[in-house]
Every structure is written in structure tokens, then in C-alpha cells.
Amino acid sequence: MSYVVPATILAILALGLDIQWGKTGLFNAGVAAFIGIGAYTFGMLSTGQFGDPLFHWSHWGPGQPIDLIVAVLAAMGLAGVLGALVAIPTLRLRADYLAIATLALAEIVRLVLKNERSFTGGDQTLAFIPRPFAGIVPPGWASDGVFVLVAGAIALTLLFMMLYLSRTPWGRALKAVREDEEAAQALGKNTFILKLGAFGIGCAIMGLAGALMASFQQVIAPDQFVPYTTFIAYVVIILGGSGNPKGVVLGAYVFSLFGWGTQQIKAYLPSAFALRIDFVNQIVIGILLVLFILFRPEGIMREEKYLARK
Amino acid sequence: MPGSEPTIAPILEVRDVSKSFGGLHAVDGCSLTVRPQTITGLIGPNGAGKSTLFNAIVGLYPPDGGEVLFDGRRLDGLPPYEIVRRGVIKTFQIPRELRNMTVLENLMVSGPSVAGERLLDLAFRPRAVRRQERELIDRAEHVLSLVGLGPLGDEYAKNLSGGQKKLLELSRALMARPKMVLLDEPVAGVNPVLTNHLLDVIEGLRQRGLTFFLIEHDMDVVMKRCEWIIVMHQGRTLTEGTPREIKANPAVIESYLGA
């Protein structure tokens, strides 16, 4: 469970980023912000906690399944709308401005979550976030099992949606923007609308990943949404195959296996080394990333070639 | 009647258009007209502002001043995609192929209002989208065979040769069902045999009603294929006339020699 579910959530996150970066070439440097917004929106709505959890309990009460669905939709909607709001002024400018604006946004979101304690709970965490079917399924392995099914179904649905969209005229127009935006304009594409759509949808999917993360962990803290989270999403895409949804999902499972595997062997290592293994882990990820960019920039699975089927 | 003013109403009218980059007046109060169903050449020394004028017409570099009229309606100020919708499309001097897309995709993506480029179409009109996709594939294959790229539809555009990329530029423009095509050096770097074929294709399309406005440095091509030639110098129109008149005009030769 400590492997499958986080890997699946990472796959969902990476699918969201892949629409932006893999398909459209939009460099979103603030992935963490959109997961954070998703996680906190879901957490606050599903627990009914809009403030210090020790003092202000809302009348909503935790664990109502209908609330969970509304909370997930709200998490996706808010992340998507926030993404669009950042994108509208920056997408018209040169590509780098989007990166700068989103990078700044991610830190703003994290610091607001951290400091507005009366609203979010701050560093004292937001806890008691319910899991799906919490009223029916007892906590423990049964709850974990249900979560695997829920997250897996969502990831699979998204995967098929992305595979379908890749073959549609919309997906093709996004690729044209990625390859050469000015040429796409000269060919009659409204590139701003295309970019805005891709960015908004990508952010909404990131919000969904955040909501799932909050529900699975049941406890969230602002510092989970540091820029490193954004970096991991990019590593997954580059590893798996930018622009290929199947590759991106594979990348998420491979990447998670690596992190999970090192945690598992910790127990069998001398304690002096076990303490350092997390840092070794990050060094290896960095080296791996460089090697991939140098020798296999298309990732494990390259983008699928379009072949006309009549 | 040499030197006579064009009597047919122009399809494209450029009035006093300017475009500057910082202190550089690339296009400086340029006015010209293009008659429908012609192949009109635009020549002039390097730096005369020809490519910039083309970019200003299609909205990629919105003009700083002046008016552009197509079919009597203003084009200036419209976004590039709207100008393509009105029927004016341009090819690039240096081919801008969409590299990691196939040749067929490069063609299919071209043109205004492809159904299914809006997500609502995908959700609510899936059948119309599928039907249009089949039509697009058929038409793309037809256009490719027209320019001689027939067998290369499934090749990545980045793998084409320089000359083939030029052909791709032209075929993409044709895919958009334009009324008027602005060609920025369409045959530079294309071998002579293919050049002739390409110009025959253009002539055939002209006879079927399209208007071509082309920048070209190859004087043989311009003199043989264009019926009207406009000469630009230092950002504005220097003179215009039939190939014979242009050849005989000493001011044209002077402008090329940098006088």
C-alpha cells in the first residue's frame, strides 16, 4: 500500500502535467501549488474544518460520501480556475514568464497555507481527512484496498481519456503549439485558447491528484508542497516518455518503485548508511535524469506516431 | 497597355502600412494592391521589408499604422487565426515544419475551424468530428500527391529534405482552403525540375481562382511566372509593372546595387 497508492497518485499528477508540458510545451514550474490547492480544498471541505481543528468544528461533519465527491470536484475546479487565472496574463507573453509566474505562485500558496493558521491549521497539519466509503469499510487493510480500487479506476479512466485526446484534432492542435507556436498561428490556430484549455485541464487534474493524496494520507501539511514536488513530476514525465500517456504512467510506477525500494532495503543496511540513503536516493535521481536527457530524451516510451486509420 | 493602372478591383489593398522594430523602419508607409486571380511578384533588395510586410498582412507582426484590406474588409488588427479564416495564409521563408508531427498531421492541423479542436465538439459532436477527420485525411493525401509528397505522409516532418520542407509549407497553406496565398520565397533551395513542377501547380491553382503574392529572388522565376511585379525598396513601394517594364526600369537596378 505504501507503494501502489502513492505511485498511482503520482501517475495521475504526471498525466495532468503531461497535457501541459508533454503535449503543449507549457512549462509549469508550480505543479506543487495545484496539488496543494487540491489537497487543502478537499481536506477542508471533507472534514468541515475551516480553521483550528481543535476549536472550530463545522456542522458538516466528516465522512459523508456525497461531500467527498463535491469536495473532489471543488478541488479540481479551484485548481483549474487558479491555473487559468495565472495563465491568462502570462500565456500571451514569452514562454518563460509562465514558468516564473507559476514558480512564484507555488511558493505563495505554500506560505499562505503555512501562515494562515486560523484557516488551514498551518504547520500543525490538517488531519482526520476521510477516505472514500469510510462509513462502510473499516479502517486498516480494507480501507487501503478500497483506496487502491478507487485511485486505480480514476487513473485508468484518465489514461484512456488522454490516449483518446492525443488522437483528436484538439490534441493535434496542442502538439502544433508545442512544436512551433508562431507556425500554428499562421496556420489558423487560436493558440491562446488552446494553451489556456490545456493549462486549465492539466491544473484541474493536478488538483484531483492533490485531493486523492489528502484522502489517502488523511493528514496533510503545507511543506509537502515544496518545489521538489514539482521537480518529481517532471522527472516522472522525462523518465516515462513526454507526450505518451502510457509512458508517463509507467514512469510514475518505475520512479515510485525506486523510492519505495530504497526505503525497503533500509532495514537491512548498517544504520550509518541507512540514515544517508535518502540523500543517495536524490543524487541517483539527479544522475538518472541527466543520463536520460543525454541519451534517451524521448523517455522509456516515445510519443506515439500518428498513423491515419480510415 | 504598359503602365496602365489595374482596372479590376483589387483583392488585397495595403494602404500606408508601417512596421518598426525599435528604430528600424522595416516597412515605412508601404502601399500596394494585388488583383484577384493573379500571380503577383514582390521583389526588392535584401532588407527592403518584403518579409516584414507579409508578416504584417497576416497579423503575425501587427502593423504600427496603415490599413490592410482584403476583399474590401479590414484585416489589420485581427489576430492571425481570424485572418486565415478570412482566406489569407502565408508560408514561411525558412520552413517552419512541425517537426515531431507527421507530414499528414502537418497538413491536417492547417486551416481554420477544424471540428474537434474545441473540446465541446469532441463531447457533443463526435460523429461530425470523425467524419471530418476522414475528409481531412483524404484531402491531405490529395494535396500531398499534388505537390509530389505523396508517399511521405507518415514520415516525421523533421526527416524531410530542405526542398521537401518547402513543398510541405506550400501544401499546408493549400490545406487551409485559402483565397489568397502569400509565398515567401517558395522555390529557394528547391531543385529546378521540382521548381517548374511547383510553379505549374501554382499556375493551375491560379486558373482555378486562387491569388498568389510571392516574394522571390530568382529573377527567372519572377519574370516568367508573374504577370505583375511590385518592387519594394527601403520599406515602401518603389515601382510596379509588367515583367518587361520592370526589367527596363533603371530605378530597379539602382535599388539592387544599393544606390
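See above for the structure.
All of these numbers come straight from a predicted model, not from anything done at the bench.

## Quick notes on the overall build of chain B
(1) Moving on: A tally of helices and strands in chain B yields 10 helices and 10 strands.
(2) Moving on: Across the 259 residues in chain B, those meeting the buried criterion constitute 47%.
(3) Moving on: Considering only intrachain contacts with a sequence separation of at least 6, the fraction spanning at least 24 residues in chain B is 67%.

## Re the pairing of strand E1 (residues 12–21) of chain B
Residue and element names in this part refer to chain B.
(1) Moving on: Relative to strand E2 (residues 24–34), E1 is paired through 7 bridges, and the arrangement is antiparallel. Note on E2: the bridge partner recorded for valine 14 is leucine 32.
(2) Moving on: Following E1, the chain reverses through 2 residues before pairing antiparallel with E2; glycine 22 in that reversal takes a positive phi of roughly 60°.
(3) Moving on: Judged from the 5 bridges that link them, E1 and strand E4 (residues 65–70) form a sheet pairing that is antiparallel. Across the sheet, residue serine 18 finds its bridge partner in E4, namely glycine 65.

## Regarding the interface of chain B and chain A
(1) Moving on: Each partner contributes residues to the interface: chain B has 33 residues there, and chain A has 24 residues.
(2) Moving on: For the side of chain B that touches chain A, the secondary structure elements donating two or more residues are helix H2 (80–85), helix H3 (103–108), helix H4 (119–124) and helix H5 (126–147) of chain B.
(3) Moving on: When residues of the side of chain B that touches chain A are assigned to their parent elements, the largest contribution, 4 residues, is made by H2(B).

## Let's talk about helix H6 (residues 162–175) of chain B
Counting along an α-helix, one turn takes 3.6 residues, and residues three or four places apart therefore face a common direction.
All names here are of chain B.
(1) Moving on: Spanning 14 residues, H6 covers 20 Å between terminal C-alpha atoms, matching the ideal 20 Å at 1.5 Å per step.
(2) Moving on: Within H6, 12 of the 14 residues are buried, which leaves it mostly tucked inside the rest of the structure.
(3) Moving on: Buried residues of H6: Gln164, Lys165, Lys166, Leu167, Leu168, Glu169, Leu170, Ser171, Arg172, Ala173, Leu174 and Met175, and no others.
(4) Moving on: On its buried side, H6 packs onto strand E6 (88–90), H3, H5, strand E7 (180–184) and helix H7 (192–207).
(5) Moving on: At the C-terminal side of H6, arginine 177 shows a positive phi close to 50°.

## Some words on the environment of A:Pro227
All names here are of chain A.
(1) Moving on: If you trace the backbone, proline 227 turns up in helix H10 (residues 227–240).
(2) Moving on: For proline 227, a count of 16 C-beta atoms within 10 Å puts it in the partly exposed group.
(3) Moving on: Taking C-alpha positions, proline 227 is 7.9 Å from valine 31, a pair spaced 196 residues apart along the chain.

## Thoughts on the pairing of strand E9 (residues 228–233) of chain B
Residues and elements named next belong to chain B.
(1) Moving on: Of all 6 residues in E9, 5 are buried, a share of seventy percent or more.
(2) Moving on: Pairing of strand E3 (residues 39–43) with E9, which is carried by 4 bridges, proceeds in the parallel orientation. Within E9, the position partnered with leucine 42 by the bridge is isoleucine 230.

## Comments concerning the packing of H5(B) against H6(B)
Residues and elements named next belong to chain B.
(1) Moving on: Direction vectors running N to C along H5 and H6 enclose 140°, while the axes themselves pass 10 Å from each other. Considering the angle they form, H5 stands oblique to H6. Crossing angle aside, the handedness with which H5 passes H6 is right-handed. Contacts from Arg139, Ala140, Val143, Leu144 and Val147 in H5 reach Leu167, Leu170, Ser171, Leu174 and Met175 in H6.
(2) Moving on: Per-class residue counts for the contact of H5 with H6 are 8 nonpolar, 1 polar and 1 charged.

## Some thoughts on helix H12 (residues 271–295) of chain A
Residue and element names in this part refer to chain A.
(1) Moving on: Helix length check: H12 (25 residues) gives 35 Å between terminal C-alpha atoms against 36 Å at 1.5 Å per residue, within 8%.
(2) Moving on: In H12, a bend of some 45° at isoleucine 277 exceeds every other bend along the element.
(3) Moving on: Counting buried residues along H12, only 0 of its 25 residues qualify, which leaves the element largely exposed.

## Brief notes about the sheet that holds E4(B)
(1) Moving on: Spatially, the 4 strands line up as an open sheet ordered E2-E1-E4-E5 (chain B), and their pairing is antiparallel. Each end of this open sheet is capped by a strand with a single partner; those strands are E2 and strand E5 (73–74) of chain B.

## Description of the nonpolar core
All names here are of chain A.
(1) Moving on: The biggest cluster of nonpolar side chains holds 154 residues, and the ones touching the most others in it are Ile12 and Ala14.
(2) Moving on: At 15 residues, helix H9 (residues 191–217) tops the list of elements feeding residues into this core.
(3) Moving on: Filtering out sequence-adjacent residues up to four positions away, isoleucine 12 remains in contact with Ile154, Ala155, Leu158, Ile205, Leu208, Ala209 and Leu212.

## Describing the packing of helix H7 (residues 169–179) of chain A against H9(A)
Residues and elements named next belong to chain A.
(1) Moving on: Where H7 contacts H9, the two axes come as close as 10 Å, and the packing angle between them is 105°. The angle between H7 and H9 falls in the class roughly perpendicular. Taken together, the residues of H9 that come into contact with H7 (itself represented by Ala173, Leu174 and Val177) are Thr191, Leu194, Lys195 and Ala198.
(2) Moving on: Here the residues of the contact of H7 with H9 sort into 5 nonpolar, 1 polar and 1 charged.

## Let's talk about the sheet that holds E7(B)
Residue and element names in this part refer to chain B.
(1) Moving on: Strand order in the open sheet made by the 6 strands is E6-E7-E8-E3-E9-E10, with mixed pairing throughout. Single-partner strands in this sheet number two, and they are E6 and strand E10 (236–241). The mean inter-strand angle of the sheet, taken between neighbouring strand axes irrespective of direction, is 20°.
(2) Moving on: Judged from the 4 bridges that link them, E3 and strand E8 (residues 211–215) form a sheet pairing that is parallel. Paired with threonine 40 across the strands is phenylalanine 213, a residue of E8.

How each quantity is defined
- By convention here, each chain's residues receive numbers from 1 onward along its written sequence.
- To read the labels, note that chains go from A and ligands from 1, taken in the order they are written.
- For a predicted model such as this one, the threshold for reporting local features is a pLDDT of at least 70, and the threshold for listing and counting side-chain atom pairs is 80 or more; totals across whole chains, interfaces and linings nevertheless cover every residue.
- Helix and strand labels come from DSSP, where a helix needs a run of H or I of at least four residues and a strand needs a run of E of at least two; each type is numbered from the N terminus.
- Three exposure classes are used, all based on how many other C-beta atoms lie within 10 Å of a residue's own C-beta (placed from the backbone): buried at 20 or more, exposed at 12 or fewer, and partly exposed between those limits.
- A pair of residues counts as a contact when their C-beta atoms, built from backbone coordinates, are separated by no more than 7 Å.
- DSSP-based pairing: two strands are paired if at least 2 bridges between them are found.
- Here the expected length of a helix is defined as 1.5 Å per residue gap, with one fewer gap than residues.
- Simply put, an axis is a line fit to the C-alpha atoms, just over the touching stretch for a helix, and the angle between two N-to-C directions goes from 0 to 180 degrees.
- Any angle between 65 and 115 degrees counts as roughly perpendicular, while under 35 counts as roughly parallel, over 145 as roughly antiparallel, and the rest as oblique.
- We call a crossing left-handed when the near helix sits turned anticlockwise from the far one by less than a right angle, and right-handed when that turn is clockwise.
- The nonpolar class holds Ala, Val, Leu, Ile, Met, Phe, Trp, Tyr, Cys and Pro. Asp, Glu, Lys and Arg form the charged class, and all remaining residues, Gly among them, are polar.
- Two axes define the bend at a residue: one fitted to the seven residues ending there, one fitted to the seven starting there, and the bend is the angle between them.
- By our criterion, buried Ala, Val, Leu, Ile, Met, Phe, Trp, Tyr and Cys residues that link up through C-beta atoms within 7 Å make up a nonpolar core.

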